[in-house]
Amino acid sequence: CKWLSIVTGKFYRLPTEAEWEYICRAGSETAYSFGDDVTQLDDYAVYFENSNGQYAEGGTKKPNRWGVYDMHGNVAEWTMDQYAQDFYKVSAGVSKRPWNVPTSLYSRVYRGGSWDDDAEALRSAARKKSGLSLQKGDPQIPKSFWWYTDAAFIGFRLVSPAKPPGEQEIKRFWATVLDE
């Protein structure tokens, strides 16, 4: 994200977990952006039941009502947040833009479910956390803490604010997320 931001001159980052869910839900309050009827999942998601054991080209299923594709299934997506089981309960009412700022490498949140997940893992509110097991196939020596060769079921989606942050705010942001 930092490299892309520098090269393009436009600020990019991963979404926070809250932003990811907001985009996924697209105004809904149901289990999935399209409702609670799991029998409709084949129309909106690539998941265990219809994936043939692999991810698909993006945009092959229906988008949510905001026109965003692949929020349920295909590949799960990284967020910027440190995983905390009770984060939403603890942060309720504290912030309009909650972000559980990482203080350690593990665990991080990924959302959306993947081609290898059952329907339950594709719900708008479903969350998963990273751990050392995602690095077991890293071919680099020494092991890199950013390489996830065995996680072909996880990808990422980038966001860019409508109102770009200032230069100082961007510097503070990179110092926060990269200072580990």
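Described in the following lines is the structure provided in the data block. (Residues numbered from 1 in each chain as written. Predicted model: local features only at pLDDT ≥ 70, side-chain atom pairs only at ≥ 80, totals over all residues. Heavy atoms only, no water.)

**Side note on empty space enclosed by the protein**
For clarity, the threshold we go by: Cavities and pockets are found on a 1 Å grid laid over the protein atoms alone: a cavity is a set of points where a 1.4 Å probe fits but cannot escape, a pocket is an open set with protein on both sides within 12 Å along at least five of seven lines, and a lining residue has an atom within 4 Å of such a point. Grid points are joined across faces, edges and corners, and a volume is the space filled by probe spheres set on the points. Note on residue categories: nonpolar means Ala, Val, Leu, Ile, Met, Phe, Trp, Tyr, Cys or Pro, charged means Asp, Glu, Lys or Arg, and polar means any other residue, Gly included.
With the rule as written, the count across this model stands at one cavity of 30 Å³ or more. Here the largest cavity defines a volume of roughly 40 Å³. For the largest cavity, the full set of lining residues is Ser33, Tyr44, Lys62, Pro63, Asn64, Val68, Asp70, Met71 and His72. Partitioned by chemical class, the residues of the lining of the largest cavity number four nonpolar, three polar and two charged.

**Quick word on the side chain of Thr16**
Heads up, the rule is: The secondary structure listing takes helices from DSSP runs of H or I that are at least 4 residues long and strands from runs of E that are at least 2 residues long, numbered from the N terminus. Remark: exposure states derive from per-residue accessible area (1.4 Å probe, protein chains only) relative to the maximum for the residue type, with buried under 20%, exposed over 50%, and partly exposed in between. Only heavy atoms enter the contact rule, under which two residues are in contact if any of them lie within 4.5 Å.
Here Thr16 lies in the loop between helix H1 (2-8) and helix H2 (17-25). The exposure class of Thr16 is buried, given its relative accessible area of 7%. When near neighbours in sequence (up to four residues on either side) are disregarded, Thr16 contacts Thr79, Met80, Asp81, Pro98 and Trp99.

**Overview of the sheet that holds strand E3 (residues 127-129)**
Defined as follows: Any two strands with at least two DSSP bridges between them are considered paired.
Taken in spatial order, the four strands make up an open sheet running E3-E2-E1-E4, and their pairing is mixed. The open sheet has two free edges, formed respectively by E3 and strand E4 (154-155), since each of these has just one partner strand. Two elements, strand E2 (residues 108-111) and E3, share three bridges in a ladder whose sense is antiparallel. Residue pairing for E3: Tyr110 is matched across the bridge by Lys128.

**Focus: the side chain of Arg111**
We count it as follows: We call two N or O atoms a polar contact when they sit within 3.5 Å, provided that within protein one can donate a hydrogen and the other can accept it, with sequence-adjacent residues counted only if both atoms are side-chain atoms.
For Arg111, the location among the structural elements is in strand E2. Residue Arg111 is classed as buried on the basis of its relative accessible area of 0%. Only 3.0 Å separates the side chain of Arg111 from the side chain of Glu17, close enough to count as a polar contact. In this structure the side chain of Arg111 is engaged in a polar contact, spanning 2.7 Å, whose partner is the backbone oxygen of Ala126. If we ignore the near neighbours within four places in the chain, the residues touching Arg111 are Glu17, Trp20, Glu21, Ala76, Glu77, Thr79, Tyr88, Ser124, Ala125, Ala126 and Arg127.

**What to know about the environment of Tyr32**
Looking at where Tyr32 falls in the secondary structure, it is placed in the loop between H2 and helix H3 (41-44). Judged by its relative accessible area of 4%, Tyr32 falls in the buried class. Placed 88 residues apart in sequence, Tyr32 and Glu120 show a C-alpha to C-alpha distance of 9.8 Å. Look past the residues within four positions of Tyr32 in its chain and what remains in contact with it is Val38, Leu41, His72, Ala119, Glu120, Leu122, Arg123 and Ser124. Within the structure, Tyr32 has its side chain in polar contact with the backbone oxygen of Ala119 (distance 2.9 Å).

Fair warning: the whole summary comes from geometry, so function is off the table for now.
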